[in-house]
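Fold and geometry: a report
Residues per chain, in single letters:
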Amino acid sequence: MKDSDKAAQEYVASIPFDRRLYRQDIEGSIAHARMLAKQDIIAGSDADTIVAGLYSIRDEIEQGKFQFKTELEDIHMNIESALFEKIGDVAGKLHTARSRNDQIALDLRLFVKEEIPKTIDKIKALQAALVEVAEENKTVIMPGYTHLQQAQPVLLAHHLLAYFQMLQRDRERFEDCMGRADVLPLGSGALAGVPYPLDREFVARELGFKVVSTNSLDAVSDRDFVIEYEAAAAITMMHLSRLAEELVLWSSSEFGFIEIGEAYTTGSSIMPQKKNPDVAELARGKTGRVYGHLVGMLTTMKSLPLAYNRDLQEDKEGLFDTVDTLHSSLEVFAGMVRTIKVNADRIAQAMKTDYMLATDLADYLVKKGMPFREAHGVVAGLSEYALSKGKNFGELGMDEYHRFSPLFGENVYEITVESSVAARNVAGGTSPQQVETALKEAKRLIKE
Ligand code: ARG
């Protein structure tokens, strides 16, 4: 681009953000140069000079001595131009049998491949934190909710392990995404392949790719792996946001189920009694920008003709911000969850009325031979009656029970939140035995 229009030059430049890919870019160039020499496309001594030059550029960047230039547009041209300054004309041989189109596709794939294991480790750390809190509070029974109405008692550990499962699926999604990112695009050239006898398998091995791409047009213009990472990140953030919402609710004075450590809350500047769950709120809020990056990238890709189009340069900022937002959110969550103090007394208080045992009363009648639908009706009447009298089920007399069904016997008083939880001993249920098994399995999965 002519340097006459500075605004346009800045408009097309990606160096302000793609400098983040300098390591991947240099790594890719080194593998490419070695392969060119191995195939006698360039001389071995030229490749050595190029590789040495690239290493010293990498050092300069890492020491903060490198001068990035906007007029050189992107990371590829910045590095190539520096290479010319360093080793002279032989630098011009590096770009043989290569285009910036396959080069950027390579850099970005290398980036995603490096980030996925970090993402997975951070998810695991949060899973481990959830398991810790679940174990510490193994015996705590809490109201389980549907429609945010108390529904049936559950173990707090069971509730926390629900998030463990969401995160487990997130892990799987990132692993899955890794499989499709693990394809070497280099060797596709600008779009049609290159007229040189490349050894693409060699480059793939050097850079740790499982396979080489099979269609050059697709390889230079495919960004599915970016979208897949962003989609997996969006789902993970959605899960964090759900957890965040519960932590916000639970730490409110109305619930008072938990307290979040002071490092993760802030006081209000004018209301001294407040401890605001800012970290949880921010994670909930940041979910929006991660969704935004996914929709943004899908929209960028929509209707793009083959092959490379400059639109694709818009892939990077959203991806980088997605990675950064997801990673920082996972990290602070793991820390925050560990500081959770469970207030078992307040939770017990929330279950002072025992209407959550209505289903258990219906099941009681079912076990005495009544069809479930009928039992449901009987207990609905009983509940209405108890409510109107301001009494718990446990406070109703036998005579009162008998007004609704003769099948009620003295052992109806043995129905408690404990018996309710223990009764749900089906696979995946909330009984202490099932939750114990789930905790064991969770700990195994963390180590996997
Ligand atoms: N900066 C570009 C990008 O990020 C690199 C590829 C440019 N290719 C081109 N033909 N201008 O997509």
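Quick note: structure is the one above.
The paragraphs below set out a description of the structure included in this document. Here the structure is a predicted model, which is why all the values come from computation and not from measurement. (Residues numbered from 1 in each chain as written. Predicted model: local features only at pLDDT ≥ 70, side-chain atom pairs only at ≥ 80, totals over all residues. Heavy atoms only, no water.)

Considerations on the site of the ligand
Operational definition: In these notes, residues near a molecule or strand are those with any non-hydrogen atom within 4 Å of it. Here a polar contact is taken to be a pair of N or O atoms separated by no more than 3.5 Å, where protein atoms must pair a possible hydrogen donor with a possible acceptor and residues adjacent in sequence count only if both atoms sit in side chains. Here the Shrake-Rupley method, with its probe set to 1.4 Å, supplies the accessible areas, and only the displayed protein chains count as covering residues. Secondary structure is summarised from DSSP: a helix means a run of H or I of at least four residues, a strand means a run of E of at least two, and numbering begins at the N terminus for each. Residue polarity follows a fixed list, in which Ala, Val, Leu, Ile, Met, Phe, Trp, Tyr, Cys and Pro are nonpolar, Asp, Glu, Lys and Arg are charged, and the others, Gly among them, are polar.
Around the ligand sit Ser14, Asp74, His76, Arg100, Asn101, Ile104, Tyr308, Arg310, Gln313 and Lys316, and that is every residue in its neighbourhood. Within the side chain of Tyr308, an N or O atom sits 2.4 Å from an oxygen atom of the ligand. Here Gln313 contributes a side-chain N or O atom positioned 2.8 Å from a nitrogen atom of the ligand. Contact with the protein chains removes 87% of the 340 Å² of surface that the ligand exposes when unbound. With 3 residues, the single largest contributor to the shell around the ligand is helix α6 (residues 100–136). When its residues are assigned to classes, the shell around the ligand shows 2 nonpolar, 4 polar and 4 charged.

Concerning the pattern of salt bridges
To be explicit about the condition: The rule for a salt bridge is simple: a side-chain nitrogen of Lys or Arg has to be within 4 Å of a carboxyl oxygen of Asp or Glu. Relative accessibility under 20% of the residue-type maximum defines a buried residue, over 50% an exposed one, and the middle range a partly exposed one, all with a 1.4 Å probe and only protein chains included.
In the structure shown here, the tally under the stated rule is 31 salt bridges. A salt bridge links Lys122 to Glu331, with the nearest nitrogen and oxygen atoms 2.6 Å apart. Taken together, the residues span a long stretch of sequence, with Lys122 in helix α6 and Glu331 in helix α12 (residues 315–338) at a distance of 209 residues. Accessibility expressed as a relative area gives 47% for Glu331, which makes it partly exposed. Taking the shortest distance from any N to any O, the salt bridge between Glu135 and Lys443 comes out at 3.2 Å. Of this pair, Glu135 sits in helix α6 while Lys443 sits in helix α18 (residues 432–447), placing them 308 residues apart in sequence. Assessed through its relative accessible area of 31%, Lys443 is described here as partly exposed. Salt bridges sharing partners connect three or more residues here, namely Glu73, Asp74, Arg100 and Arg310.

Overview of helix α5 (residues 75–87)
The test is simple: Take the number of residues in a helix, subtract one, and multiply by 1.5 Å to get its expected span. The arc under discussion is defined with respect to the helix axis, by the directions toward the C-beta atoms. By the convention used here, residues are in contact when the closest approach between their heavy atoms is within 4.5 Å.
Relative to the 18 Å expected for 13 residues at 1.5 Å per residue, α5 spans 18 Å between its end C-alpha atoms, a close match to the ideal helical length. All buried positions along α5 are accounted for by Ile75, His76, Asn78, Ile79, Ala82, Leu83 and Ile87. Buried residues of α5, seen end-on, are gathered within an arc of 165° and therefore sit on one face of the element. On the buried face of α5, the contacting elements are α2 (15–18), α3 (22–38), α4 (44–62) and α6. Sitting at the amino-terminal end of α5 is Asp74, which places a side-chain oxygen 3.2 Å from the backbone nitrogen of His76.

Some details on the packing of aromatic side chains
The line we're drawing: Here a pair means two rings of Phe, Tyr or Trp (six-membered ring of Trp) with centres within 6.5 Å. Their orientation is stacked below 30 degrees between planes, edge-to-face above 60, and tilted elsewhere. Placement of a positive charge over a ring is assigned whenever Lys NZ or Arg CZ falls within 6 Å of the ring centre and within 35 degrees of the normal to the ring plane.
If you walk through the whole model with that rule in mind, you get 11 aromatic pairs. Of the aromatic side chains, those joined through ring pairs into one cluster are Tyr145, Trp250, Phe255 and Phe257. The residue whose ring lies beneath Lys38 is Phe202, and the NZ or CZ to ring-centre distance is 5.3 Å. Looking at Lys113, its charged tip hangs above the ring of Phe209, at a distance of 4.3 Å from the centre.

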